[in-house]
Each structure stands twice: as C-alpha cells, then as structure tokens.
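Given next are the chains, with one letter for each unit.
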Amino acid sequence: MAGLLDSFISPRLRAQIVKELLSILRDPRSRMIVFAPPLLQLLVFTFATTLEVRNANIAVYNHDAGRWSHELQARIGAAHFVDRLYTVHNPDELQELVDRRKVIAAIHIGPEFSRDIAAGRTGEVQVIVDGRRSNAGQIALGYLNAIAADVGSTARGQSWPASPAVVRHWFNPNLVYRWFVVPALSGILVFFSALMITSLSIARERELGTFDQLLVSPTTTAEIIIAKAVPALAIGTVLGLMMIGAAAFLFRVPFTGSFWLLLPSLLLFILSVVGIGLMVSSVSATQQQAILGAFAIGVPAVLMSGFATPVENMPIALQWMAQAIPLTHFLVIVEGSFLKAMPASDILANTWPLAVIALVTLTAAAVLVRSRLQ
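Source: prediction; values computed, not measured.

(A) How the structure looks around the sheet that holds strand β1 (residues 56–62). With mixed pairing, the four strands of this open sheet are ordered in space as β2-β1-β3-β4. At either end of the open sheet lies a strand with only one pairing partner, and these are β2 (82–88) and β4 (125–129). Neighbouring strand axes in the sheet, compared pairwise and without regard to direction, differ in orientation by 20 degrees on average. Two elements, β1 and strand β3 (residues 105–109), share five bridges in a ladder whose sense is parallel.

Dropping the structure here:
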C-alpha cells in the first residue's frame, strides 16, 4: 500500500499532471474554450430544448352557425399555446395551410355540432394534425381535446369535465419542463466536455511529437493514464458543480436530494467518461480523428441515454447497449437528486454500473496505450 501511495505522489507523476493541466489552461483562449462554451450552451439549450408547444398556429373551418361552435372557436383562439388562429371558409384553404406548414393542426367543425350538443349528444369535430411534426402535433391535439371537453362540460352545466380519473404529477406537479431539462443538460454537457478533453490529450501529443518522448522515458503506463485522467477529472468536476449550481440557483430547479451523494456519483461518472475518451485518443493519430471519434461516440450515447426518449421504448438490444453508456445512469441520479430526493439505495444501484464502466474503459485505455508504447 505504501508503494502504491508513493507512486501516486511521486514527483514524476506530479510533474506529468501539472504538464497536462498547463497544456489545457496555459493561455486565456484555452480556458475560454474549456469553460465558456458549456456554460453558454447550458443557457441556450435550456430555453431551446423543450417539448412544450407554444406559439402554435391553428386553422378552423367552422361549418356550423350555432353557439357552441363559436364557443369552441373562441376558446381555441384564447388558449395559451395558440399564437394565431386562421379562420377559413372552405376545405381547400384548410388543406393548403397544412400543406404549407402554416398551421400545426386544422379543425373542421361540422354543421350539426351545436345541434348535437344542445340535444345532449356528443359533438364531433375533425382535427387534422401535421404528421411531419408528430410530437408537437400530438401535444397540440391533447390541448385541443381538453378544450373540447371543457366546452362539452359547460354545455351540460358541469363545472368540471366528467372524468373517471384524477391525474396528479408527482415530483413536478406543474410540469415545468425546465425542471427536467436543466439537470439533464448539466450531465450531457459535462459528458461532452470530459470526452473532448481526454480524446484530444494523447492525440495532441502525437501530433506535436512529444508522445515519442514517452517511448524513451521511464514513465509507466499507469502513470500516463493517471496523468491524463486527473486534469480531465478535475476540470469536469468543476464544470459539473458550476452547472449544478446554475440549475439550482439561476434556473431555480428545486434540489431535494443529498449533495454528498450526488458528488461521488459525479466523480464516478466523469471517470467513466475519461476512460472512454482515453480509448478514443489512444487509437487516434491526429486531433481531427479524435474529435470525429468523440462525436461518433457522444451523439449516439446522448440519443440512447434516455434524455429524449425512454430507454424502455427501445428494442431489447439497444436497451442492453444503453446500460453500457455512463450518461444513462447519471441522468437517473442527477434528475432524481433534484426532483425526488432519491434515496441512497437507488443512487447506489446506478453508481455501481458507473464504477464498472470506469474500470473497464480505463483498463482498456491502459492496454491500448501500452501497445502504442511498445
């Protein structure tokens, strides 16, 4: 154990760590590239990345002159998600607005709508949704269904729509989309930052020719891996804490969990990403190849991590692949720590896969680096 500790604090290893830090942070431009873009992206993506439907345009072809058709049309025009309500006078205009993407949904109110409601029957309305924007169209359709149900309940003298179920949204009762997006973005941006820093580390030395000096130096493979990993781990941790702080204090996302459980999870997450980045860097001959390799791994990892679509919706093979992605487990931890006060047992269930991924990737990176040194 003493020899192991001595190897960690040896002057040779310390010098290599300092050299790696200086290569990243030695000039103001490098510092700006490391810290400024992730924080700027957090600010931009927080408002740009949303599944909420706002400022939507709706077209209405009202073929009925009765009271309830005009009531329905007025409520749709006053809805919070509607920016502009187009009133058309024939089906051709309705089709043209949908074809030209002027509206996300078109409504055709039949001539018997008000009469059916007045007689106690169900009024029927045709809704044409632009399938080219399927997600937004389905959300808009849900809003329109709620408005139509409210009109029906008003016509029957009910204060609330008749419904067999009462929906309660745990952990995010007002469905504030920012509460979900900001914690997830903090994990995604830390993932890309740590991945890029480590992917360029060995490739940069190989381009500059300094990697050849390692071939004639007494440096061991373990020291190379540690020297490359520590700066990325430190920078990634600082970035992660800054983004978590921005989520809690700037965007007012409630943090209900334990920070002291989230912190070691963040460290394990970054360490697992560092292992992946070192694997990419060890097989890349140039920095351009390293950047392409990082994006080739990073983009599919984000798509399969459960950020945009649930992992459970994917085919079984992709679900198993998603379990090998560090971001999949960290998103569960960071979102649970913010919104649901995730207990230690649940956090541990998602941290041990991170530890396994870190062990496997760092070992694979050491093997690849050793093969390059020989």
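(B) Highlighting the pattern of salt bridges. Evaluation of the coordinates by the stated rule reveals seven salt bridges. In this structure, the salt-bridge partner of aspartate 150 is arginine 75, at a minimum N-O distance of 2.3 Å. Placement of the pair is aspartate 150 in helix α7 (residues 134–155) and arginine 75 in helix α4 (residues 67–77), with a sequence separation of 75 residues. Look at aspartate 150 and you get partly exposed, because its relative accessible area is 28%. Note on arginine 75: relative accessible area 23%, which makes it partly exposed. With a closest N to O distance of 2.9 Å, arginine 121 and aspartate 116 form a salt bridge. According to the relative accessible area criterion, aspartate 116 is buried, its value standing at 16%.

(C) Examining the nonpolar core more closely. Grouped together as the largest cluster of nonpolar side chains are 62 residues, with contacts concentrated most on Leu42, Phe191, Phe269, Leu327 and Phe338. Elements that contribute at least two residues to this core include exactly α3 (28–48), α8 (177–208), α10 (221–250), α11 (259–282), α12 (287–304), α14 (326–339) and α15 (344–373). When near neighbours in sequence (up to four residues on either side) are disregarded, leucine 327 contacts Gly187, Ile188, Phe191, Phe269, Val302 and Ser305. In this structure, Ile58, Ile76, Ala79 and Leu144 belong to the second largest nonpolar core, which totals 20 residues.

Reading the values: the criteria
Residues numbered from 1 in each chain as written. Predicted model: local features only at pLDDT ≥ 70, side-chain atom pairs only at ≥ 80, totals over all residues. Heavy atoms only, no water. Pairing = 2+ DSSP bridges. Helix = DSSP H or I, 4+ residues; strand = E, 2+ residues; numbered from the N terminus. Axes fitted to C-alpha atoms, helices over the stretch in contact; angles between N-to-C directions. Salt bridge = Lys/Arg side-chain N within 4 Å of Asp/Glu carboxyl O. Buried < 20%, exposed > 50% of the residue type's maximum accessible area, 1.4 Å probe, protein only. Core = buried A, V, L, I, M, F, W, Y, C linked by side-chain atoms within 4.5 Å. Contact = heavy atoms within 4.5 Å.

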